[in-house]
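So you can see what is in the structure, the chains are spelled out below.
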Amino acid sequence: IMQNLVIMACNAWRFYLLGLRHTRINLLDISLLSPYALAGIAVLIIFAGSYTLIPLTALSSMHMVGAALRSLVVCLPVMIAGTMLPILGIHRAIHAAKGREIELLNRAIYGDRSALADTHIAVESESVPLSNLVLYRQTITSVNEWPVDSLSAVRMAIVIIVPMLAWVAGAVADHVMDKLLG
């Protein structure tokens, strides 16, 4: 189990570095970066799925619940890191790219058209009217810096909520069965 935890932590760190240092950011299509969010969700699913077994172990032996909860203390930091690191690395890269693009656009708006050479609109740098530069800056300013779209957020919520609901349902079912049979 420890080997799996180390592998997950190392892979999360690699995703963090990959997103931070080696991924090209297209501020006009952030959806291309959703694999980083999915990598985090995959780790969350692995851990959340395995810990849905805790209510089942409680039915057989409280001794096993103690062991499961102790393993949770070890696994929880890896789960959090494995979920957040891939998302955090690409978030920081998006934030940096967005800041740089806005800075270059501001320079161009205030007269330095040569600043547009390093932007997404470099091809049209001489012919872009000032009003379009302002609109483009507003577009870039409104770009979400997190690679988690609404579908990914719903998946994360479901992965977190379903196990908790399973625990509650298991406890209620156990209580109802005790009342009916006892």
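What you see is a predicted model; the values in this text were computed from it and never measured. (Residues numbered from 1 in each chain as written. Predicted model: local features only at pLDDT ≥ 70, side-chain atom pairs only at ≥ 80, totals over all residues. Heavy atoms only, no water.)

Caption draft 1: Local environment of the packing of aromatic side chains. In total, this model carries two aromatic pairs according to the counting rule given. Between W13 and Y16, the aromatic rings sit 5.0 Å apart at their centres with planes inclined by 20°, giving stacked as the arrangement. Residue W13 and its partner Y16 are both found in helix 1 (residues 2-21); the two are separated by three residues, about one turn of the helix. The exposure class of Y16 is buried, given its relative accessible area of 8%. Ring centres of F15 and Y36 lie 5.6 Å apart, and the angle between their planes is 90°; on these two criteria the pair is classed as edge-to-face. (Phe/Tyr/Trp six-rings, centres within 6.5 Å; stacked < 30°, edge-to-face > 60°. Helix = DSSP H or I, 4+ residues; strand = E, 2+ residues; numbered from the N terminus. Buried < 20%, exposed > 50% of the residue type's maximum accessible area, 1.4 Å probe, protein only.)

Caption draft 2: Molecular detail of the layout of surface pockets. As a volume, the largest pocket reaches approximately 280 Å³. Lining the largest pocket are 13 residues, and of these I1, F47, Y51, S71 and C75 sit closest to its centre. Where the lining of the largest pocket is concerned, the elements lending two or more residues are helix 1, helix 2 (34-50) and helix 4 (62-109). Classifying every residue of the lining of the largest pocket by side-chain character gives ten nonpolar, three polar and no charged. Put simply, the second largest pocket is a space of about 200 Å³. Those elements giving two or more residues to the lining of the second largest pocket turn out to be helix 2, helix 4 and helix 6 (150-181). In terms of residue class, the lining of the second largest pocket is built from twelve nonpolar, no polar and no charged. (1 Å grid on protein atoms, 1.4 Å probe; cavity = no way out; pocket = protein on both sides within 12 Å on 5 of 7 lines; lining within 4 Å. Points joined across faces, edges and corners; volume = space filled by probe spheres on them. Nonpolar A, V, L, I, M, F, W, Y, C, P; charged D, E, K, R; others polar.)

Caption draft 3: Just the side chain of E145, in detail. With respect to the helices and strands, E145 occurs in the loop between helix 5 (130-141) and helix 6. By relative accessible area, E145 is classed as buried at 18%. Engagement of the side chain of E145 in a polar contact is seen with the side chain of H95, the distance being 2.8 Å. A polar side-chain atom of E145 sits 3.5 Å from a polar atom in the side chain of K98. Sequence-distant contacts of E145, defined by excluding residues within four places in its chain, comprise H91, I94, H95 and K98. (Polar contact = N/O pair within 3.5 Å; in protein donor to acceptor, adjacent residues only side chain to side chain. Contact = heavy atoms within 4.5 Å.)

Caption draft 4: Region of interest: the nonpolar core. Counting residues in each nonpolar core, the largest one holds 19 residues, and the members touching the most others are I25 and L133. Those elements that place two or more of their residues in this core are helix 4 and helix 5. With seven residues, helix 4 is the single largest residue contributor to this core. Residues within four places of I25 in sequence aside, it is in contact with I30, L33, I90, A93, I94, A97 and H120. One finds L5, I41, A48 and M79 within the second-largest nonpolar core, a separate group that totals 16 residues. (Core = buried A, V, L, I, M, F, W, Y, C linked by side-chain atoms within 4.5 Å.)

Caption draft 5: Highlighting the side chain of K98. By the element assignment, K98 lies in helix 4. Among the polar contacts made by the side chain of K98, one reaches the main-chain carbonyl oxygen of T141 at a distance of 2.9 Å. Sequence-distant contacts of K98, that is, excluding residues within four places in its chain, are made with L27, I140, T141, V143 and E145.

Caption draft 6: Inspection of a nonpolar patch on the surface at higher detail. A cluster of nonpolar side chains, contributed by V168, V172, V176, M177, L180 and L181, occupies part of the molecular surface with about 610 Å² of accessible area. Inspection of the secondary structure puts L180 in helix 6. Here L180 falls in the exposed class, since its relative accessible area comes to 65%. (Patch = residues over 30% accessible without salt bridge, like charges linked within 9 Å, V, L, I, M, F, W, Y side chains within 5 Å. Areas by Shrake-Rupley, 256 points an atom, 1.4 Å probe, with all protein chains shown as cover. Salt bridge = Lys/Arg side-chain N within 4 Å of Asp/Glu carboxyl O.)

Caption draft 7: Representation of the pattern of salt bridges. Within the structure shown, the criterion is met by three salt bridges. Residues E145 and K98 are paired through a salt bridge, measuring 3.5 Å at the closest nitrogen-oxygen approach. Of the two residues, E145 is situated in the loop between helix 5 and helix 6 and K98 in helix 4; the sequence distance between them amounts to 47 residues. Grouping residues by exposure puts E145 and K98 together as buried. Where R100 meets D118, a salt bridge forms, and the shortest distance between an N and an O atom there is 3.6 Å.

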